[in-house]
Amino acid sequence: GCIAAIYDCLEDGCSVEAMMKLDEKLAEDEAKIAASFAEIKNLQKTAYTEENKDTLASLANFLRCTGGLRAQLLALKNKGIQDHDFIKQMLRAASVA
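Once a new chain begins, its residue numbering starts again from 1 and follows that chain's sequence as written. Residues qualify for local features only when their pLDDT is at least 70, as the model is predicted, and side-chain atom pairs are given and counted only at 80 or more; totals for whole chains, interfaces and linings, by contrast, use all residues. Computation of side-chain values: all heavy atoms of the structure, hydrogens and water removed.

Participant: Requested: an account of the confidence of the model for the chain, with residues and values cited.
Facilitator: When pLDDT is low, close inspection of the predicted coordinates is not appropriate. In this model, the chain carries an average pLDDT of 81, and 76% of its residues clear a pLDDT of 70 or more. A score between 0 and 100, pLDDT records how confident the predictor is in each residue. Numbering goes from the N terminus for both helices and strands, where a helix is a DSSP run of H or I of at least four residues and a strand is a run of E of at least two. Confidence, expressed as mean pLDDT per element, reaches its minimum in the chain at helix H4 (residues 84-96) with 63 and its maximum at helix H2 (residues 16-46) with 90.

Participant: So what's going on with the side chain of Glu30? Residues and values would help.
Facilitator: Considering the arrangement of structural elements, one finds Glu30 in helix H2. Each residue's exposure class comes from its accessible area (1.4 Å probe, protein chains only) as a fraction of the maximum for that residue type: buried when under 20%, exposed when over 50%, partly exposed otherwise. The exposure class assigned to Glu30 is buried, which follows from its relative accessible area of 15%. Reaching out from Glu30, the side chain makes a polar contact with the side chain of Arg70 at a distance of 2.9 Å. When checking whether two residues touch, look at their non-hydrogen atoms; a contact exists if any pair is within 4.5 Å. The residues touching Glu30, leaving out its near neighbours within four places in the chain, are Phe62, Leu63, Thr66, Gly67 and Arg70. Here a polar contact means two N or O atoms within 3.5 Å. Within protein one must be a hydrogen donor candidate and the other an acceptor candidate, and residues neighboring in sequence count only if both atoms are side-chain atoms.

Participant: Could you give an account of the side chain of Gln44, with specific residues and numbers?
Facilitator: Mapping Gln44 onto the fold places it in helix H2. Residue Gln44 is classed as buried on the basis of its relative accessible area, which comes to 11%. Leave out the neighbours within four places in its chain, and Gln44 touches Thr49, Asn52, Lys53 and Leu56.

Participant: Let's hear about the nonpolar core: which residues, and what values?
Facilitator: Definition of nonpolar core: a set of buried residues of the types Ala, Val, Leu, Ile, Met, Phe, Trp, Tyr and Cys, connected through side-chain atoms within 4.5 Å. Among the nonpolar cores identified, the biggest contains 10 residues, and these are Ile6, Cys9, Cys14, Val16, Met19, Met20, Leu22, Leu26, Leu69 and Leu73. If you list the elements that add at least two residues to this core, you get helix H1 (2-12), H2 and helix H3 (50-78). Of the residues forming this core, the biggest block, 5 residues, is contributed by H2.

Participant: Can you tell me about the pattern of salt bridges, naming the residues and giving the values?
Facilitator: Only one rule defines a salt bridge in this text: a Lys or Arg side-chain nitrogen within 4 Å of an Asp or Glu carboxyl oxygen. Under the defined criterion, the tally for this structure stands at 3 salt bridges. Residue Lys25 is joined to Asp29 by a salt bridge in which the shortest nitrogen-to-oxygen separation is 3.0 Å. Taken together, the residues Lys25 and Asp29, both in helix H2 and 4 residues apart, mark about one turn of the helix. The partner of Glu30 in a salt bridge is Arg70, and the shortest N-O contact between them spans 2.9 Å. Taken together, the positions of Glu30 in helix H2 and Arg70 in helix H3 put the pair 40 residues apart, joining distant regions of the chain. A relative accessible area of 25% means that Arg70 is categorised as partly exposed. Taken together, the shared-partner salt bridges connect Asp23, Glu30 and Arg70 into one network.

Encoded structure:
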C-alpha cells in the first residue's frame, strides 16, 4: 500500500510534496488500523481467541512501522531536506527499526 508507494515515489525521484500526499493517505490508513486494533483489543477482553492475538500483534507492528516512517517523513520535511538518496536511506532505516 502506502509504504510501498512512498518507496516507489522515492525511487522515481518524486517531490517532497508528493511524498507528503502519500503521508496523508498513510495517516488515514493508520487511523483505521488503530481503530481496528482498539476494537479487537476490547473484544479480546470478553471473547479471547489466538487468532485475534496474532491479528493484534500484526496490527501493532504495522502501527509501529508507520509511526516511525511518518515521524521520519515529518522530520525530513521540517528540515527542508531535498536529497532523495538521503531521504530514501532514512526511510528504509525507519522501516526496519
